[in-house]
Amino acid sequence: MSTTLPQTQEPRFAGLLEEARALQPRTTALRRTIHRHPEQGLDLPVTQAAVLAELADLPLAVTTGRGLSSVVAVLEGARPGPTVLLRGDMDALPLQEDTGLDYASEVDGTMHACGHDTHVAMLASAARLLSARRDELAGRVVFMFQPGEEGQHGARIMLDEGLLDAAGPRVGKALAIHITSTLRSGVITCRPGPIMASADTFHVTVTGRGGHGGMPHDAIDPIPPTAAMVGALQTMVARKISVHEPAVVTVAHLKAGTTTNIIPETALMEGTIRTLSEATRALVHKEIRQVCEHVAAAHGCTAEVTVVPGYPVTVNDDTVGPHVLDLATATIGQSYSEPMLDPLMGAEDFSYILNQVPGAMAFLGACPPTVDLATAEANHSNRVLFDDTAMEHGVTLYAAFALDALR
């Protein structure tokens with residue numbers, strides 16, 4: 001981790017990294033408290049209470065969600081100006097922690113395996129840092145503490161509850177930081193354009209006619225067409241989707257039958273769809289239906305195909321994305337600012353925010369220095385580890401983004 005000011009640091013950012021570092025004991029304490037008491041989904045009363053307690057002594061206008069345990073805190077600057085939003089998600093995953101940490105989860109079957117506990121802690125410390133610099137702000141900062149990122153569309157619900165207008169003047173720029181265990185600790189990486197994929201699910205029920213396993217000619221077996229669909233869907237991606245437009249179709253669940261000598265009436269196939277553009281997303285949806293219905297028909301079966309839309313493509317603004325790296329260079333140093341070459345095929349509901357507001361999602365590396373990057377457990381592993389000291393850089397970037405937007 002960096003220990004001195006970067007040579008390129010601008011006067012308006014003077015002391016920012018040091019202030020974030022001074023807050024590190026507080027940042028770490030909050031992170032570990034939340035890590036011990038993880039909660040899943042949209043209802044996070046313990047996490048919400050921890051956030052409210054941490055913000056209680058700051059000059060913030062705080063509101064909580066109606067349909068979820070969100071916290072929205074608004075910091076009014078000393079002068080009029082635009083509104084900027086900083087986001088940290090709060091929910092955990094359904095995993096049994098196996099890290100051996102002395103602050104490991106105390107809740108069976110629930111763990112902060114995606115680092116959302118660090119996001120909460122970094123955002124709370126950024127609120128404290130910016131509150132101390134309120135006189136430098138021309139405008140206002142909205143701090144978005146969000147439940148339900150892991151598949152529950154928490155950001156969309158917060159938008160429906162008026163998030164973008166929480167400060168009065170509408171939010172004009174937004175930033176989210178996501179920690180990752182597979183990058184060098186302290187590195188900020190970002191890119192313009194698509195940075196994470198859309199995530200939809202498909203569910204296919206193939207119906208034939210059941211019968212005796214020893215007399216398949218008297219039945220219409222749904223299993224062979226279902227098996228054929230698995231390969232046909234991969235051929236569809238290779239032959240229907242441009243090589244310049246990434247698309248992933250993964251069959252992850254197959255289910256049919258109850259025993260060895262009965263041909264079932266139905267078979268089930270389910271999976272996920274990932275794309276990096278809305279046009280490709282729509283095309284894949286159409287082609288999945290066509291492939292499955294026609295393969296089923298060729299075997300004398302029918303196929304009921306349901307595609308359930310999930311998170312949209314996460315698209316960084318073409319200007320804001322690169323500027324995040326400029327801010328990282330100016331505050332933390334060039335060695336901790338790296339362009340992100342390729343998007344990730346994971347998904348994020350910060351995409352809902354970026355569909356309405358110019359902004360960016362950035363990634364913060366946090367591989368512990370004692371762990372080999374090549375073998376580090378990834379996010380969503382129940383053995384994942386994050387280096388706490390990386391949070392200093394996250395707090396710094398959050399604060400720099402707001403100070404820059406509201407200068």
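Preceding this paragraph is the structure being described.
Residues numbered from 1 in each chain as written. Predicted model: local features only at pLDDT ≥ 70, side-chain atom pairs only at ≥ 80, totals over all residues. Heavy atoms only, no water.

(A) Seen up close, the packing of aromatic side chains. Enumeration over the complete set of coordinates arrives at one aromatic pair. Arranged with centres 5.8 Å apart and planes meeting at 80°, the rings of Y311 and Y352 form a pair that is edge-to-face. With a gap of 41 residues between them, Y311 in strand β13 (residues 302–311) and Y352 in helix α9 (residues 351–354) connect regions that are remote in the sequence. Positioned over the ring face of Y336 is R184, at 5.1 Å from the centre of the ring. (Phe/Tyr/Trp six-rings, centres within 6.5 Å; stacked < 30°, edge-to-face > 60°. Helix = DSSP H or I, 4+ residues; strand = E, 2+ residues; numbered from the N terminus. Lys NZ or Arg CZ within 6 Å of the ring centre and 35° of its normal.)

(B) View of the packing of helix α2 (residues 24–36) against helix α4 (residues 116–132). Running from N to C, α2 and α4 point in directions that differ by 145°, and their axes come no closer than 8 Å. The two elements α2 and α4 cross, and the hand of that crossing is right-handed. Judged by residue contacts, R26, T27, L30, R31, I34 and H35 of α2 engage D117, T118, V120, A121, M122, A124, S125 and R128 from α4. A class-by-class count of the residues in the contact of α2 with α4 yields six nonpolar, four polar and four charged. (Axes fitted to C-alpha atoms, helices over the stretch in contact; angles between N-to-C directions. Left-handed = near helix turned anticlockwise from the far one by under 90°. Contact = heavy atoms within 4.5 Å. Nonpolar A, V, L, I, M, F, W, Y, C, P; charged D, E, K, R; others polar.)

(C) Main features of the side chain of E348. Within the secondary structure layout, E348 lies in the loop between β15 (337–339) and α9. Beyond its immediate chain neighbours, meaning those up to four positions away, E348 contacts R87, D89, E149, H178, M196, Y311, P312, T314 and M361.

(D) Molecular detail of unusual backbone geometry. The phi dihedral of H153 falls on the positive side, at around 60°, and the residue is not glycine. One non-glycine residue, H380, lies in positive phi territory at about 80°. In this fold, H380 is placed in the loop between β16 (359–367) and α10 (391–405).

(E) Structural context of the environment of V62. Position of V62 relative to the elements: it lies in strand β1 (residues 61–64). Placed 81 residues apart in sequence, V62 and F143 show a C-alpha to C-alpha distance of 9.3 Å.

(F) Representation of the sheet that holds strand β8 (residues 199–207) in the model. Pairing within the open sheet is antiparallel, and its four strands lie in the order β10-β12-β8-β13. The sheet terminates laterally at β10 (247–256) and β13, the two strands that pair on one side only. Taking each pair of neighbouring strands and ignoring which way they run, the sheet shows an average axis angle of 20°. With eight bridges connecting them, β8 and β13 associate as antiparallel partners. Residue pairing in the sheet places A199 in a bridge with Y311 of β13. Packing against the sheet, helix α6 (residues 223–240) makes contact with β8, β10, β12 (266–275) and β13, and its axis sits at approximately 175° to β10. Its contacts with the sheet put helix α7 (residues 278–298) on β8, β10, β12 and β13, and the angle it makes with β13 is roughly 160°. (Pairing = 2+ DSSP bridges.)

(G) Layout of the nonpolar core. One finds L55, L86, L130, V141, F143, F145 and V324 to be the most contacted residues of the largest nonpolar core, which totals 66 residues. Here L86 is in contact with L123, L130, V141, V142, F143, M144, L175, Y398, F401 and A402, once residues within four sequence places are set aside. (Core = buried A, V, L, I, M, F, W, Y, C linked by side-chain atoms within 4.5 Å. Buried < 20%, exposed > 50% of the residue type's maximum accessible area, 1.4 Å probe, protein only.)

(H) Geometry of the sheet that holds β1. Read across the open sheet, the eight strands follow the order β1-β2-β4-β3-β5-β16-β6-β15; overall the sheet is mixed. Edge positions in the sheet fall to β1 and β15, since each of these pairs with one other strand and no more. Neighbour-to-neighbour, the strand axes of the sheet open up by a mean angle of 25°, direction not taken into account. Two strands pair when backbone bridges link them, and strand β2 (residues 71–76) and strand β4 (residues 138–146) are joined in this way by six bridges, in the antiparallel orientation. By the bridge assignment, L75 is partnered in β4 with V141. Where helix α3 (residues 45–55) meets the sheet, it contacts β1, β2 and β4, and its direction lies at approximately 15° from that of β2. Running over the sheet, α4 touches β2, β3 (79–89), β4, β5 (173–184) and β16 and is turned about 155° from β4.

(I) Main features of the pattern of salt bridges. Taken as a whole and assessed by the stated rule, the structure comprises 20 salt bridges. Linking R87 and D349 is a salt bridge whose minimum nitrogen-to-oxygen distance equals 3.0 Å. Here D349 lies in the loop between β15 and α9 and R87 lies in strand β3, a separation of 262 residues in the sequence. Taking relative accessible area as the criterion, R87 reaches 0% and is therefore assigned buried. According to the relative accessible area criterion, D349 is buried, its value standing at 0%. The partner of R281 in a salt bridge is D200, with the nearest N and O atoms 2.7 Å apart. Here D200 lies in strand β8 and R281 lies in helix α7, a separation of 81 residues in the sequence. Given a relative accessible area of 9%, R281 falls into the buried group. (Salt bridge = Lys/Arg side-chain N within 4 Å of Asp/Glu carboxyl O.)

(J) Looking closely at the pairing of β2. Burial analysis of β2 places five of its six residues in the buried class, the great majority of the element. Sheet topology note: the β1/β2 ladder contains four bridges and is antiparallel. Each bridged residue has a counterpart across the sheet, and for A61 the counterpart in β2 is V74. Connecting the antiparallel pair β1 and β2 is a turn made up of six residues.

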